[in-house]
Amino acid sequence: MKFLLCSLLCLISISYTAAVCADVNPANAVVTYSNDGGGDASPVGETATLVCSEGYTNDELVLTCTDPDVWAPVSSDCTIMSCSAIVMNDDGTANVTSAFTYDTVVLITCAAAHGINGVDATMTTTCQANGTWSVAPLNCTEMSEDESGVSALLATPLMVIGTFILSMF
């Protein structure tokens, strides 16, 4: 009789726990679940789709709950996009204050009579969300006399026009 009583009590105290994965909470992403019924756990077989924030990426955008508390693939965080390193020639310098990652702004300064694409000797470029620089190529080259003369003239158009207007009155 003791054996029968213990068997009944033991069966009553056993509870069923479903095989689930804790919901993922990746940095810099929004997650949607294939069978989102609310709560903070997903059944085995459910998928989680990551949408990375602007300027972030993840090669594995769909995760699957394969076993209790096991999401595959394992890496679920979105990482910040990187731009290529800026290597300046001898005619210019790049003022870099942080790594070459999304939203980094770099000040490019060219030597005298040098410019980038025939434009001013100083400009900025920004690492964009797609991993490219907003201004490229980033090498200072010697400007021709025409280009440097136009740049010098464009730097003072109001003074020339102002002098002309004043001399007419």
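Here's a quick rundown of the structure. Nothing here was measured: the structure is a model prediction, and the numbers come from that model. (Residues numbered from 1 in each chain as written. Predicted model: local features only at pLDDT ≥ 70, side-chain atom pairs only at ≥ 80, totals over all residues. Heavy atoms only, no water.)

1. Examining the nonpolar core
Thinking step 1. If you look at the biggest cluster of nonpolar residues, it comprises twelve residues: C83, I86, M88, V106, I108, C110, I116, M123, C127, W133, L138 and C140.
Thinking step 2. A total of three residues in this core trace back to one element, the largest contributor, which is strand β10 (residues 105–110).
Thinking step 3. The residues touching M88, leaving out its near neighbours within four places in the chain, are T93, A94, I108, L138, N139 and C140.
Thinking step 4. Counting eleven residues, the second-largest nonpolar core is a separate cluster that includes V24, V31, L63 and C65. (Core = buried A, V, L, I, M, F, W, Y, C linked by side-chain atoms within 4.5 Å. Buried < 20%, exposed > 50% of the residue type's maximum accessible area, 1.4 Å probe, protein only. Helix = DSSP H or I, 4+ residues; strand = E, 2+ residues; numbered from the N terminus. Contact = heavy atoms within 4.5 Å.)

2. Some words on the sheet that holds strand β6 (residues 62–67)
Thinking step 1. Here four strands make up an open sheet; going across it, the order is β2-β4-β6-β7 and the pairing antiparallel. The open sheet has two edge strands, β2 (29–33) and β7 (70–72), and neither has a second partner. The average angle at which neighbouring strand axes cross in this sheet is 30°, direction not considered.
Thinking step 2. Strand direction decides the pairing type here: strand β4 (residues 47–52) and β6, joined by three bridges, are antiparallel. Each bridged residue has a counterpart across the sheet, and for A48 the counterpart in β6 is L63. (Pairing = 2+ DSSP bridges. Axes fitted to C-alpha atoms, helices over the stretch in contact; angles between N-to-C directions.)

3. Some words on the environment of V51
Thinking step 1. Relative to the assigned elements, V51 resides in strand β4.
Thinking step 2. Remark: the alpha-carbon pair of V51 and L61, spanning ten residues in sequence, is separated by 7.1 Å.
Thinking step 3. If we skip the residues at most four places from it in the chain, V51 touches N28, A29 and V30.

4. Looking at the sheet that holds strand β9 (residues 92–95)
Thinking step 1. Read across the open sheet, the three strands follow the order β9-β10-β12; overall the sheet is antiparallel. Each edge of the open sheet carries a strand with a single partner, namely β9 and β12 (122–126). Sheet twist, expressed as the mean angle between neighbouring strand axes with direction ignored, is 25°.
Thinking step 2. Pairing of β9 with β10 involves four bridges; the strand directions are antiparallel. Paired with G92 across the two strands is C110, which belongs to β10.

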